[in-house]
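Residues per chain are reported as follows:
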Amino acid sequence: MAPPPDRRGHPLPYAYGWSVQEYRGEHHLWHSGWDEAAGTSSLLLLVPARHLGFVVLTNGEGLHWENALTEAAVERSPFARAFLDRFVFTSP
């Protein structure tokens, strides 16, 4: 999956329902959900090159972080950051 380009040819941070980004040299695909009315939140994070995925679904709003739809910054999520630090960017 690759992000589509904007009118100037720059890659967009959102590609067909998924946020796409490079973080610390790794390609990440992710999608988050937050339903304030229902009080639920979710996070799906994939690191394709490492065949890793992280899925969290909650009956609460605790996974929500202030991330604009116009930017991809999954590393700002404390849950995503814990996964990335522990399973993706660990030293052997």
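See the structure above.
Just so it is clear, the structure is predicted and the values come from calculations on it, not from any experiment.

The next subject is the overall build of the protein. What the protein contains, in helices and strands, is 1 helix and 5 strands. Start at the N end of the protein and walk to the C end: the helices and strands fall as β-β-β-β-β-α. The C-alpha atoms of the protein give a radius of gyration of 14 Å, which matches the 12 Å a tight globule of 92 residues would have. Residues counted as buried form 34% of the 92 residues belonging to the protein. Restricting the contact set of the protein to residue pairs at least 6 apart, pairs at least 24 apart contribute 35%. Summed over all atoms, the accessible surface of the protein reaches about 6,000 Å², with 56% contributed by carbon and sulfur. Each charge class in the protein can be summarised by its mean position, and for the 7 positive and 10 negative side chains these summaries are 9 Å apart.

Counting residues in each nonpolar core, the largest one holds 16 residues, and the members touching the most others are Trp30, Leu43, Leu45, Val74, Phe83 and Leu84. Elements with a minimum of two residues in this core: β4 (40-47), β5 (52-58) and α1 (78-88). Per element, the largest residue contribution to this core is 4 residues, and it comes from α1. Contact partners of Leu84, with chain neighbours within four places excluded, come to Tyr23, His28, Leu45, Val47, Val74 and Phe89.

The subject of this paragraph is the side chain of Gln21. Mapped onto the fold, Gln21 is located in strand β2 (residues 18-23). Within the structure, Gln21 has its side chain in polar contact with the side chain of Trp30 (distance 2.8 Å). Sequence-distant contacts of Gln21, defined by excluding residues within four places in its chain, comprise Glu26, His27, His28, Trp30, Ala72, Ala73, Val74 and Glu75.

Here we come to the pattern of salt bridges. For the structure shown, the criterion picks out 4 salt bridges. When the shortest N-O distance is used, the salt bridge between Arg8 and Asp6 registers 3.5 Å. A relative accessible area of 22% places Asp6 in the partly exposed class. Here the salt bridges do not stand alone but share partners, grouping Arg24, Arg81 and Asp85 into one network.

All right, on to the pairing of β2 then. Pairing of β2 with strand β3 (residues 26-35), which is carried by 5 bridges, proceeds in the antiparallel orientation. Bridge assignment links Val20 to a residue of β3, and that residue is Leu29. Here β2 hands over to β3 after 2 residues, with Arg24 in that stretch at a positive phi of 50°.

Rules used in this analysis
Residues numbered from 1 in each chain as written. Predicted model: local features only at pLDDT ≥ 70, side-chain atom pairs only at ≥ 80, totals over all residues. Heavy atoms only, no water. Helix = DSSP H or I, 4+ residues; strand = E, 2+ residues; numbered from the N terminus. Rg over C-alpha atoms; globule rule 2.2 N^0.38 Å. Buried < 20%, exposed > 50% of the residue type's maximum accessible area, 1.4 Å probe, protein only. Contact = heavy atoms within 4.5 Å. Areas by Shrake-Rupley, 256 points an atom, 1.4 Å probe, with all protein chains shown as cover. Lys, Arg positive; Asp, Glu negative; His and termini not counted. Charge placed at Lys NZ, Arg CZ, Asp CG, Glu CD. Core = buried A, V, L, I, M, F, W, Y, C linked by side-chain atoms within 4.5 Å. Polar contact = N/O pair within 3.5 Å; in protein donor to acceptor, adjacent residues only side chain to side chain. Salt bridge = Lys/Arg side-chain N within 4 Å of Asp/Glu carboxyl O. Pairing = 2+ DSSP bridges.

By themselves, these are just geometric observations and shouldn't be taken as functional.
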